[in-house]
Amino acid sequence: MSKNVIEEKSNILFVDDEPMILSSLNMLFKNKYKVYLAENGFDALEIIKSVPIKVVVSDQRMPGMLGHELLRQVKEISPNSVRMLLTGYSDLDAIIGSVNAGEVFRFINKPWQGEFMLYVVKLGVEIYDKVTKLQETEMQKQDDAVTEEHPVSGHRVHIEVEEASPTVLFVDYSEEETGRLVDKYGSAFNAVAVNSIDAAFQEMAKKPVSVIVSNINFGDVDGVSFLDTVRREYPNTVSVILTEVKDAQLAIRSINELNVFRYLVKPMPEDQISHTLEKAIERSKAFKATPHKNVLKMAEEISPERMVRNEESTLRLRLRAAQALLAKNKK
Amino acid sequence: MRQAIFSLGALLMNRLNYLQKFAIVLVLLLIPSGSLLYIVTTQITQNVEYSQKELTGITYNVALRQFYEAVQTHRDYSVQFFLGDSTAEQLMTDAQQQIETAVLSVDSADTQYGDALAVREQWKNIKIDWKNLKSRAFTHKIEKSEELHNKLVSDVLALVIDVADNSNLTLDTDIETYYLMNITNFKVLQMTEALSQSKNLLRAALRTPKLLPEQRTAFTIQSGIVQPLMSDIADAVNRINTYNQPISPVVEPSYVDLKSSTDQYIELLQSEILDDSLRIARGLDLSILERPIKAGLDVFDVQAPILRNLIEVRIKNLEQQVLIYIAGTILVLIFVSYLLGGFYSSVIDTVSTLENVAAQLNEGKITEVVEVETRDELGRVGRSFNQVALSLLSRNKELEDNRIQIEATNRQLRETQTALVQGEKMASLGQMVAGLAHEINTPLGYVKNNIEMMIGNQQTINDAVEQYRKLLDMLVNGVEEGLEQTVTDLANLSTELEKNTVLEDSKTMLSQALVGTERIQELIKNLREFSRLDEADLAKIDLNSALDATLVIANNVIKNRAVVKKDYQPNLMAECFPAQYNQVILNLLTNAAQAIEGQGTITIRTYKEPGNPDMAVVKISDTGKGIPRENLSKIFEPFFTTKKVGEGTGLGLSISYKIIEKHGGSIKVESEVGRGTDFFVRIPVVQPRIAKKEAAPAA
């Protein structure tokens with residue numbers, strides 16, 4: 001803001017088919033950022049390809065290309081760009097599409113709060129900066145290690161000894177269903193099925209869990225809060241929601257609060273589930289190897305002020321109790 | 001076999017009702033039994049008459065017997081008279097008197113029965129002979145008198161036999177009466193005649209010292225007559241003892257005297273009379289013959305009443321028999337009639353019961369079958385009927401249950417349908433709300449953002465204005481202290497404002513906010529146009545503006561998929577229920593947009609049907625994937641959908657179809673896979689009167 005600071009402004013991109021929106025956002029951000037505007041996905045991709053963009057905020061419904069499709073391509077072209085969806089009305093399909101394909105960081109509804117918008121974009125920019133910086137040091141390290149053995153391909157790092165079989169924890173309310181899932185996928189990875197939240201906590205205290213596949217319909221406890229508690233305690237565990245609940249609000253929360261990896265709606269073809277699980281396991285490995293890939297974790301490090309709800313703290317207590325029980329048993 | 005044999009009878013019986021059947025059977029039964037009864041009673045009556053004739057014979061002969069005895073007596077006395085017994089004259093006159101009495105009694109019998117017995121003439125001759133004999137009874141010579149007497153007696157005996165013959169007595173083969181008849185009518189009287197003549201022979205013989213040869217011959221002849229007759233009588237009595245024991249105690253004693261006296265006479269005759277050296281003097285007198293004669297007549301007198309009695313009893317029995325036959329037949333007929341009546345009544349009862357049950361069953365009133373009491377074939381029919389009725393009842397119940405179930409299912413179906421239609425309404429409402437929310441939130445987004453920013457800018461502007469006022473105060477008041485600083489600050493502020501284009505931006509923000517609010521206002525207007533909430537009734541609307549309003553609602557769905565091209569015929573007015581019509585258009589536009597994969601075009605054409613200006617047509621064409629031929633006929637069917645489960649109810653087009661149908665119009669579809677689909681919505685420009693009423697409660 002001050003004149004004397006000679007500092008390159010961060011590039012941010014807004015995509016919306018409504019020029020007035022673009023104009024309005026431009027006026028909001030132009031003083032602090034270098035604002036790029038695009039009225040459709042194709043123009044946006046052109047910009048992304050030519051300029052490093054830290055944050056992309058896109059509308060969902062646009063002629064030619066839907067927002068989540070654009071963000072999916074953005075993720076490929078510029079993986080570090082923090083992706084957000086700004087939409088006038090969120091039907092579940094759009095939300096699920098944005099999380100599953102675009103892996104969006106935030107889902108924002110129109111009309112937005114100016115202040116929140118400024119905060120979120122700023123947060124995005126900082127995440128981008130931090131991730132990029134970490135990545136660069138990582139690259140540096142790797143460049144140093146290149147002479148040793150591994151070429152830079154496939155998995156970039158092999159820091160830990162890979163587990164023989166990563167653990168996938170299924171948390172569901174019906175035993176029959178969990179049993180069936182374990183039967184299906186038990187061979188591909190170490191699948192464990194539990195039918196209650198406390199059992200899940202105990203299982204996670206026993207050994208590291210790569211992926212937690214959970215329903216969000218537990219009756220007494222809000223599933224999103226449950227997964228949030230898990231995420232905070234075990235940041236490297238990737239959460240996948242597999243549910244029959246079609247609730248747009250829950251879905252939005254699962255993106256904004258959990259940064260859920262996938263939101264799958266039952267019934268879901270089995271091959272798709274197993275494909276998702278493979279991806280999730282891969283993601284979990286990446287989290288362990290390069291923590292900066294965990295965008296939400298980055299965000300929390302940058303901006304730790306988050307409300308802790310009552311339910312969350314209760315859940316936390318239950319989690320601690322499970323851990324304590326296990327520790328006692330070990331002794 | 002049975003049917004072949006009885007086919008004719010069955011043919012007849014099938015034509016008659018049961019009353020007629022029974023009447024026929026009864027009549028056919030009455031005729032032979034009546035005839036039989038008639039024959040039997042006639043037969044018996046003949047027997048009775050036959051026996052009654054026998055009675056007349058007996059009566060006649062009993063009368064003749066008196067006459068016969070009296071004539072014999074007269075002969076006896078006349079013989080004495082001619083032999084010179086003076087006392088005999090008086091006795092003859094007495095005997096004549098007896099004969100006249102006997103003649104009267106025979107006359108009486110003859111008057112009654114003479115004709116029937118055909119003996120009148122004979123009796124008349126006998127009476128004439130008697131008159132002749134009587135007139136010269138005392139003047140004849142002895143030979144002549146004897147001859148006339150003998151002739152009279154033999155005529156009487158002949159008459160007795162004729163009477164017996166003519167009165168059936170001889171013909172009667174009844175073993176009970178035969179021997180009695182034989183004794184009384186033939187044997188005993190002839191025997192007494194023979195004895196009586198023997199008596200006259202003996203009288204004459206007693207007058208001579210020695211029996212003359214011709215006298216001896218006469219005795220031999222007479223005893224030759226008596227002996228076999230006596231033997232016959234004994235034989236007959238023996239027979240009676242054997243065959244008719246009830247009367248033998250009466251018959252037997254009457255005959256004992258005859259037998260012993262006759263035997264005595266025969267013995268005496270052989271030992272004394274027929275001896276060559278006959279000496280009649282040995283105390284032999286006429287009494288030896290008088291005893292058997294009297295005994296013979298006694299036998300007649302005893303046995304004739306017995307015979308009469310027997311025949312009378314027989315007649316009585318026969319008469320009773322007739323009565324029994326008649327009464328028995330009548331009783332049997334009554335009984336048979338009663339049974340037939342019962343049969344008829346049972347048949348009628350069973351049939352009418354079945355009829356009643358059938359009638360009630362037919363009317364559906366009955367719930368239980370009636371017990372059939374008869375155990376015969378008809379009962380079997382009844383039981384079969386009952387089974388049928390039972391199965392009908394259970395079938396009925398089943399049907400009733402089914403009906404109830406179907407009704408329940410129908411009701412459920414209707415409820416489900418209502419729920420589905422409601423669901424479809426809610427879904428399209430949701431779609432509309434989603435579209436509207438998106439459409440409104442977009443301008444609202446920048447309007448709000450601009451206003452928020454304006455509030456910040458306003459502060460900056462306010463600050464600047466404050467500084468200017470301060471500077472102005474200083475200049476006006478000539479304050480020099482701090483003036484330079486204020487000017488510098490103001491210059492900086494101005495640069496800042498300029499650099500951040502605050503003023504310029506503010507203008508833009510406000511004008512754009514205004515545009516935004518105008519957009520929202522426009523949207524609300526379109527929403528009203530679309531929903532026509534204040535126009536639930538039939539209204540004449542401009543189809544083009546209705547289309548435009550609907551397009552705004554559908555914009556959210558369409559804009560990322562298709563470009564809309566319009567080809568409107570200006571001022572295309574039509575009468576319709578706008579809210580319903582718009583619902584149809586929205587449905588078609590949404591479908592069109594959803595049919596497009598990637599980017600496409602939706603073309604909307606409005607026009608009046610060529611050659612039929614009363615029909616307004618909206619044609620909605622898309623460049624989507626098209627509908628396969630096999631699905632084209634099904635797309636208006638309820639629940640037909642190609643969308644994934646949960647994405648579409650499959651009711652949209654079927655509801656649209658109904659709505660347009662109720663408008664008196666039609667929806668047609670043309671499609672080609674890969675090219676796209678054209679929907680034609682035709683509605684009459686003016687709604688017919690009936691439709692105005694009927695279309696109101698649509699969907």
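Residues numbered from 1 in each chain as written. Chains lettered and ligands numbered in written order. Predicted model: local features only at pLDDT ≥ 70, side-chain atom pairs only at ≥ 80, totals over all residues. Heavy atoms only, no water.

### Thoughts on the interface of chain B and chain A
Accessible area lost when the parts come together is the quantity often used to give the size of an interface.
Piece 1. With 27 residues of chain B at the contact, the number on the chain A side is 26 residues.
Piece 2. Across the interface of chain B and chain A, roughly 2,400 Å² is buried in total on both sides, 54% from carbon and sulfur atoms.
Piece 3. Between Glu18 of chain A and Arg519 of chain B there is a salt bridge whose closest N-O contact spans 2.7 Å.
Piece 4. For the pair chain B and chain A, the number of links is 13 residue pairs in polar contact (both at pLDDT 80 or more).
Piece 5. Secondary structure elements with two or more residues in the side of chain B that touches chain A: helix H10 (377-477), helix H12 (502-531) and helix H13 (543-558) of chain B.
Piece 6. The element that contributes the greatest number of residues to the side of chain B that touches chain A is H10 of chain B, accounting for 13 residues.
Piece 7. Tallied by class, residues from the side of chain B that touches chain A come to 8 nonpolar, 13 polar and 6 charged. (Contact = heavy atoms within 4.5 Å. Buried area = accessible area lost by both parts, 1.4 Å probe. Salt bridge = Lys/Arg side-chain N within 4 Å of Asp/Glu carboxyl O. Polar contact = N/O pair within 3.5 Å; in protein donor to acceptor, adjacent residues only side chain to side chain. Helix = DSSP H or I, 4+ residues; strand = E, 2+ residues; numbered from the N terminus. Nonpolar A, V, L, I, M, F, W, Y, C, P; charged D, E, K, R; others polar.)

### A short note on the environment of Leu91 of chain B
All names here are of chain B.
Piece 1. Positionally, Leu91 belongs in helix H3 (residues 87-117).
Piece 2. According to the relative accessible area criterion, Leu91 is partly exposed, its value standing at 30%.
Piece 3. A sequence separation of 11 residues divides Leu91 from Gln80, and the C-alpha atoms of the two residues are 9.8 Å apart. (Buried < 20%, exposed > 50% of the residue type's maximum accessible area, 1.4 Å probe, protein only.)

### Description of unusual backbone geometry
Trans is the common state for peptide bonds, and a negative phi is the common state for residues other than glycine.
Piece 1. Look at the link from Lys110 of chain A to Pro111 of chain A: it is a cis peptide, with omega at -10°.
Piece 2. Within the secondary structure layout, Pro111 of chain A lies in the loop between strand E5 (106-109) and helix H5 (114-145).
Piece 3. Despite not being glycine, Asn168 of chain B shows a phi value in the positive range, around 75°.
Piece 4. Inspection of the secondary structure puts Asn168 of chain B in the loop between helix H5 (142-166) and helix H6 (175-207).
Piece 5. For Asn168 of chain B, a relative accessible area of 10% puts it in the buried group.
Piece 6. Of note in the backbone geometry, Asn571 of chain B takes a positive phi value of approximately 55° without being a glycine.
Piece 7. With respect to the helices and strands, the residue Asn571 of chain B is situated in the loop between strand E2 (562-567) and strand E3 (573-576).

### A few points about the sheet that holds strand E5 (residues 615-622) of chain B
Residues and elements named next belong to chain B.
Piece 1. Read across the sheet, 5 strands follow the order E2-E4-E5-E7-E6 without closing on themselves; strand pairing throughout is mixed. Each of the sheet's edge strands pairs with one partner strand only, and the pair in question is E2 and strand E6 (666-672). Between one strand axis and the next, the sheet turns by 15° as a mean value, whatever way the strands run.
Piece 2. Helix-sheet contacts for helix H14 (residues 578-595) involve strand E4 (600-608), E5, E6 and strand E7 (676-684), and the interaxial angle to E5 is about 20°. (Pairing = 2+ DSSP bridges. Axes fitted to C-alpha atoms, helices over the stretch in contact; angles between N-to-C directions.)

### Some words on the sheet that holds strand E7 (residues 190-194) of chain A
Residue and element names in this part refer to chain A.
Piece 1. If you walk across this open sheet you meet the 5 strands as E7-E6-E8-E9-E10, and the pairing is parallel. Strands at the two margins of the open sheet, each flanked by one partner only, are E7 and strand E10 (262-265). Going across the sheet, the axis of each strand differs from the next one's by a mean of 20°, ignoring polarity.
Piece 2. Here 5 bridges tie strand E6 (residues 167-171) to E7, and the two strands are oriented parallel to one another. If you follow Phe170 over to E7, its bridge partner there is Ala193.

### Let's talk about the pattern of salt bridges
Residue and element names in this part refer to chain B.
Piece 1. Scanning the model with the defined rule gives 49 salt bridges over all chains in all.
Piece 2. Glu609 is paired through a salt bridge with Arg682; the nearest N and O atoms lie 2.4 Å apart. A residue pair is termed long-range when its members are at least 10 positions apart, and Glu609 in the loop between E4 and E5 and Arg682 in strand E7 qualify at 73 residues.
Piece 3. With relative accessibility at 18%, the residue Glu609 sits in the buried group.

### Some thoughts on the domain arrangement of chain B
Residue and element names in this part refer to chain B.
Piece 1. Looking at chain B, the domain boundaries give domain 1 (30-172), domain 2 (174-317), domain 3 (421-523) and domain 4 (537-694).
Piece 2. Around 2,500 Å² of area is buried between domain 1 and domain 2 when both sides are counted, 58% of it from carbon and sulfur atoms.
Piece 3. Scanning the region where domain 1 abuts domain 2 turns up 6 salt bridges.
Piece 4. Notably, a salt bridge pairs Arg65 with Asp301, separated by 2.5 Å at the nearest N-O pair.
Piece 5. Taken together, the links from domain 1 to domain 2 amount to 15 residue pairs in polar contact (both at pLDDT 80 or more).
Piece 6. Those elements that provide at least two residues to the side of domain 1 that touches domain 2 are helix H2 (18-82) and H5.
Piece 7. Counting residues per element, the side of domain 1 that touches domain 2 draws most heavily on H2, which supplies 17 residues.
Piece 8. Looking at the side of domain 1 that touches domain 2, its residues break down into 13 nonpolar, 8 polar and 7 charged. (Domains from an automatic or database assignment.)

### Brief notes about the nonpolar core
Residues and elements named next belong to chain B.
Piece 1. By size, the foremost hydrophobic cluster in this structure holds 78 residues, and its most contacted members are Tyr60, Leu64, Phe67, Trp123 and Ile233.
Piece 2. Residue assignment for this core shows that the elements contributing at least two residues are H2, H3, helix H4 (120-135), H5, H6, helix H7 (213-243), helix H8 (248-273) and helix H9 (287-363).
Piece 3. Here this core takes 15 residues from H9, the largest share from any one element.
Piece 4. Filtering out sequence-adjacent residues up to four positions away, Leu64 remains in contact with Val106, Trp123, Val156, Leu159, Val160 and Val163. (Core = buried A, V, L, I, M, F, W, Y, C linked by side-chain atoms within 4.5 Å.)

### What about the domain arrangement of chain A?
All names here are of chain A.
Piece 1. Per the domain assignment, the segments of chain A are domain 1 (10-128) and domain 2 (167-330).
Piece 2. A C-alpha centroid distance of 28 Å is found between domain 1 and domain 2.
Piece 3. Between domain 1 and domain 2, the residue contacts involve 17 residues of the former and 23 residues of the latter.
Piece 4. Across the interface of domain 1 and domain 2, roughly 1,600 Å² is buried in total on both sides, 65% from carbon and sulfur atoms.
Piece 5. In terms of surface lost to domain 2, no three residues of domain 1 exceed Leu92, Val99 and Asn100, which account for 28% of the buried area on that side.
Piece 6. On the surface where domain 1 and domain 2 come into contact, there are 2 salt bridges.
Piece 7. Here Glu103 and Arg283 are joined by a salt bridge, their closest N and O atoms 3.0 Å apart.

### With respect to helix H11 (residues 483-499) of chain B
Residues and elements named next belong to chain B.
Piece 1. Over its 17 residues, H11 runs 24 Å from end to end, which matches the ideal 24 Å to within 8%, given 1.5 Å per residue.
Piece 2. Among all positions in H11, only Thr486, Leu490, Leu493 and Leu497 are buried. Down the axis of H11, the buried set is contained in an arc of 65°. They therefore lie on one face. Residues of H11 that are exposed and point more than 90 degrees away from the buried face comprise Glu484, Glu498 and Lys499.
Piece 3. Just downstream of H11, Thr501 is the residue with a positive phi angle, here 45°. (Expected span 1.5 Å × (residues − 1). Arc of directions from axis to C-beta.)

### Digging into the pairing of E5 of chain B
Residues and elements named next belong to chain B.
Piece 1. Taken across its 8 residues, E5 has 8 buried, putting it largely inside the fold.
Piece 2. Burial along E5 is two-sided: Met615, Val617, Lys619 and Ser621 facing one way and Ala616, Val618, Ile620 and Asp622 facing the other are all buried.
Piece 3. As defined by bridge partners, E4 adjoins E5 across 7 bridges and the pair is classed as antiparallel. The partner of Ile602 across the bridge, within E5, is Asp622.
Piece 4. Here E4 hands over to E5 after 6 residues, with Gly611 in that stretch at a positive phi of 80°.
Piece 5. Across 8 bridges, E5 lies against E7 in antiparallel orientation. Following the sheet pairing, Val617 is matched in E7 by Arg682.

### Observations regarding the environment of Asn587 of chain B
All names here are of chain B.
Piece 1. As for its placement among the helices and strands, Asn587 is situated in helix H14.
Piece 2. Distance in space between the C-alpha atoms of Asn587 and Glu363 is 52 Å, their sequence separation being 224 residues.
Piece 3. Ignoring sequence-local partners within four residues, the contact set of Asn587 consists of Gly652, Leu653 and Ser656.

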